[in-house]
Amino acid sequence: MAQLILVLGDQLTRNLASLRTGKKAEDLILMAEVESEAGYVWHHKKKLAFVFSAMRHFAKALEQDGWSVRYHRLDDDPVFSCLTDAVENALSAGTFDQVTLVEAGEHRLRDEIATWPDRFDLPVRVLEDDRFIMPRSDFEDWARGRDTLRMEYFYRDARRKTGLLIENGKPAGGQWNFDKENRKPAKPDLFMPDVPRFKPDAITRDVIDMVGARFSDNFGTIEDFWFAVTREDAEAALDQFLKQALPCFGDYQDAMLTGSRFLYHSVLAQYINIGLLDPRDVCERAEAEYAAGRAPINAVEGFIRQLLGWREYVRGIYMREGPDYVRRNALKASRPLPDFYWTGETGMACIAAVVTQTREEAYAHHIQRLMVTGNFALLAGIDPHAVHEWYLAVYADAYEWVEAPNVIGMALYADGGLLASKPYAASGAYIDRMSDYCGGCRYKVGEKTGDDACPFNALYWNFLVENEDVLRGNPRMGLIYANWDKQDPGRKAAIRRRAGAFLDSL
Ligand code: FAD
Ligand code: DLZ
Ligand code: SF4
């Protein structure tokens, strides 16, 4: 029985379920660069180059393994507008009994694939994506019947199930979570390992030329492309992270520095999300660093929690909540996304730094995404769907299943508290404590009113007042509202005037 096996651009794993069931002598693998996947958002140029180059390298590796591979480049003739057309074209060129693929991660593509059995009049076998640490049914079982779906409890269950960082049935180091130790600001004189940079080979250079020519209007710069595009290079990046950065990952996890874009973060999400690295393997390698005494528990637990906890949890939320999740808007926010999210042209030094870095690297770390661009969008009441599309476009690791819960749920509270027990709203004081941005800013972080005051300060209180009907009843917000209530009425009015004037200027 001959199968046409479709491998998607984020399924670049030799151990993929469809390849495990396939037969090299009989089956044909199809991979296709298509317009719809390249264009469903305004992808960063470096994200496009990364995905296409990694796809081309993977196709080559499969051929070297003995598979027959049919590969369509975006600059081949004909250009396929969508994956459906690419599959139809491949089916018409051969004789197949079945189309086989691993399920897509995003609802958009899952819906497209659901039309295929009727359209092609052929069985379409969709296999579960088992490249996560736990099967999706584990999340469903955990979530069933619960009133609240807090990540921390999901994560503890996952630790028990996998045995990761469990010693004699107890959490390693005596605690489940060492987050309290992981909030240190960083000083510029700390030793910072640079992120591993890989020199583009001929395949990557070809892709860079194509992206530069076809997507010249897309967001971001294409120059200085350094991502790994093969499993071997992604493994080398993992090795370097484990040796050089993991020991300090915990301490400086929430810190931000103008001159250090990566700090001690792993910068591995883009590799894990397209299948060049396996998340369980990454966790086990980090655990081994703790076991060998080379990395402390607060670092290793903090790191493993991101992958075993957050990454698996947000995928569960995305699948459970369905396609309408990206349209949630619990706080009825409707302001358009300001242009400076694309240009970086703003007097707010923190936003300018994060957007500039995002434009150049297709990367920002978690606290930059959550507490700078995310926090601003929350406080300023920007339309969540526009914010969602921005995040989906600009990061090399962005796929809706992981991006949407982080944006709609975590950063914007647009799901009404399904994911976060209270909004991650903060004034300029938080950014000042965790970064060196404010020193170089035209605004004064210590001031709340007047034209020179840090906009985050007035926006913070304005946000609380504007959303009082939803937030005041939240027990975790009680102290904050009590603090506002105590303030002098004249001062309150001045803060709200400052916020109003700033919002009008956007
Ligand atoms: P590290 O800080 O080194 O963390 C290690 C790994 O843990 C990451 O590689 C990633 O795989 C995983 N991880 C960490 N935090 C999360 C999280 N909150 N959710 C899921 N996985 C996590 N992550 C994406 O992979 N794609 C996205 O599109 C994305 N969008 C985000 C948008 C917002 C508003 C926020 C607040 C977070 C978003 N994240 C996203 C989560 C996180 O910011 C990135 O995974 C991380 O910054 C990637 O950099 P890193 O590899 O250096 O991560
Ligand atoms: C991200 C991406 C891009 C830019 N292009 C392609 C493509 O041309 N062909 C393809 O198979 N996959 C691509 N991908 C990855 C897909 O968007 C990804 O498989 C889906 O978003 C998962 O639902
Ligand atoms: Fe950002 Fe305010 Fe600090 Fe300027 S003063 S960098 S706007 S937090």
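Residues numbered from 1 in each chain as written. Chains lettered and ligands numbered in written order. Predicted model: local features only at pLDDT ≥ 70, side-chain atom pairs only at ≥ 80, totals over all residues. Heavy atoms only, no water.

Observations regarding the sheet that holds strand E1 (residues 3–6)
Okay, so step 1: Across the sheet, five strands lie side by side as E3-E2-E1-E4-E5; this open sheet has parallel pairing. Only two strands of the sheet have a single neighbouring strand rather than two, namely strand E3 (68–72) and strand E5 (124–127). Taken over all neighbouring pairs, the strand axes of this sheet differ in orientation by 25° on average, direction set aside.
Okay, so step 2: Inspection of the sheet shows strand E2 (residues 28–32) paired to E3 by five bridges, in the parallel sense. (Pairing = 2+ DSSP bridges. Helix = DSSP H or I, 4+ residues; strand = E, 2+ residues; numbered from the N terminus. Axes fitted to C-alpha atoms, helices over the stretch in contact; angles between N-to-C directions.)

Thoughts on the domain arrangement of the protein chain
Okay, so step 1: According to the domain assignment, the protein chain consists of domain 1 (3–127), domain 2 (136–197 + 230–321) and domain 3 (340–505).
Okay, so step 2: Distance between the C-alpha centres of domain 1 and domain 3: 39 Å.
Okay, so step 3: Counting from both sides, the interface comprises 13 residues of domain 1 and, opposite them, 15 residues of domain 3.
Okay, so step 4: The junction of domain 1 with domain 3 conceals about 1200 Å² of combined surface from both sides, 59% of it contributed by carbon and sulfur atoms.
Okay, so step 5: Sorting the residues of domain 1 by area buried against domain 3 places His44, Lys47 and Glu106 first, and these three jointly supply 42% of that buried surface.
Okay, so step 6: At the junction of domain 1 and domain 3, the tally comes to zero salt bridges.
Okay, so step 7: Where domain 1 packs against domain 3, one counts seven residue pairs in polar contact (both at pLDDT 80 or more). (Domains from an automatic or database assignment. Contact = heavy atoms within 4.5 Å. Buried area = accessible area lost by both parts, 1.4 Å probe. Salt bridge = Lys/Arg side-chain N within 4 Å of Asp/Glu carboxyl O. Polar contact = N/O pair within 3.5 Å; in protein donor to acceptor, adjacent residues only side chain to side chain.)

What about the site of ligand 1?
Okay, so step 1: In the vicinity of ligand 1, 29 residues are found, and the nearest of them are His265, Ser266, Val267, Tyr363 and Asn406.
Okay, so step 2: Separating an oxygen atom of ligand 1 from a side-chain N or O atom of histidine 265 is a distance of 2.7 Å.
Okay, so step 3: Between ligand 1 and asparagine 406, the relevant distance is 2.9 Å, taken from a nitrogen atom to a side-chain nitrogen or oxygen of the residue.
Okay, so step 4: Taking 810 Å² as the accessible area of ligand 1 by itself, protein coverage stands at 99%.
Okay, so step 5: Mapped by element, the contributors of at least two residues to the shell around ligand 1 are helix H11 (269–273), helix H13 (297–321), helix H16 (366–379) and helix H18 (400–411).
Okay, so step 6: Residue composition of the shell around ligand 1, grouped by class: 18 nonpolar, seven polar and four charged.
Okay, so step 7: Here the shell around ligand 1 spans two domains, and each of domain 2 (136–197 + 230–321) and domain 3 (340–505) adds at least three residues to it. (Near = heavy atom within 4 Å. Areas by Shrake-Rupley, 256 points an atom, 1.4 Å probe, with all protein chains shown as cover. Nonpolar A, V, L, I, M, F, W, Y, C, P; charged D, E, K, R; others polar.)

Points about the packing of aromatic side chains
Okay, so step 1: Per the counting criterion, the structure on display carries 32 aromatic pairs.
Okay, so step 2: The interplanar angle of 45° and the centroid separation of 5.8 Å between the aromatic rings of tryptophan 116 and phenylalanine 120 together place this pair among those described as tilted. Of the two residues, tryptophan 116 and phenylalanine 120 both sit in helix H6 (residues 116–120), four residues apart, roughly one turn of that helix.
Okay, so step 3: Judged by its relative accessible area of 12%, phenylalanine 120 falls in the buried class. (Phe/Tyr/Trp six-rings, centres within 6.5 Å; stacked < 30°, edge-to-face > 60°. Buried < 20%, exposed > 50% of the residue type's maximum accessible area, 1.4 Å probe, protein only.)

Quick word on helix H4 (residues 83–92)
Okay, so step 1: The set of residues buried in H4 consists of Leu83, Thr84, Ala86, Val87, Ala90 and Leu91. An end-on view of H4 places all buried positions within 165° of arc, on one side of the element. (Arc of directions from axis to C-beta.)

A few points about the site of ligand 2
Okay, so step 1: Asp10, Ala32, Val34, Glu37 and Glu106 are the nearest of the 21 residues found near ligand 2.
Okay, so step 2: Residue valine 34 places a main-chain N or O atom 2.9 Å away from an oxygen atom belonging to ligand 2.
Okay, so step 3: Between ligand 2 and glycine 105, the relevant distance is 3.2 Å, taken from an oxygen atom to a main-chain nitrogen or oxygen of the residue.
Okay, so step 4: Calculation on ligand 2 without its partners gives an accessible area of 490 Å², and the protein chains cover 100% of this total.
Okay, so step 5: Only helix H2 (35–39), helix H3 (45–64) and helix H5 (107–114) provide two or more residues apiece to the shell around ligand 2.
Okay, so step 6: Its residues placed into classes, the shell around ligand 2 shows 13 nonpolar, three polar and five charged.

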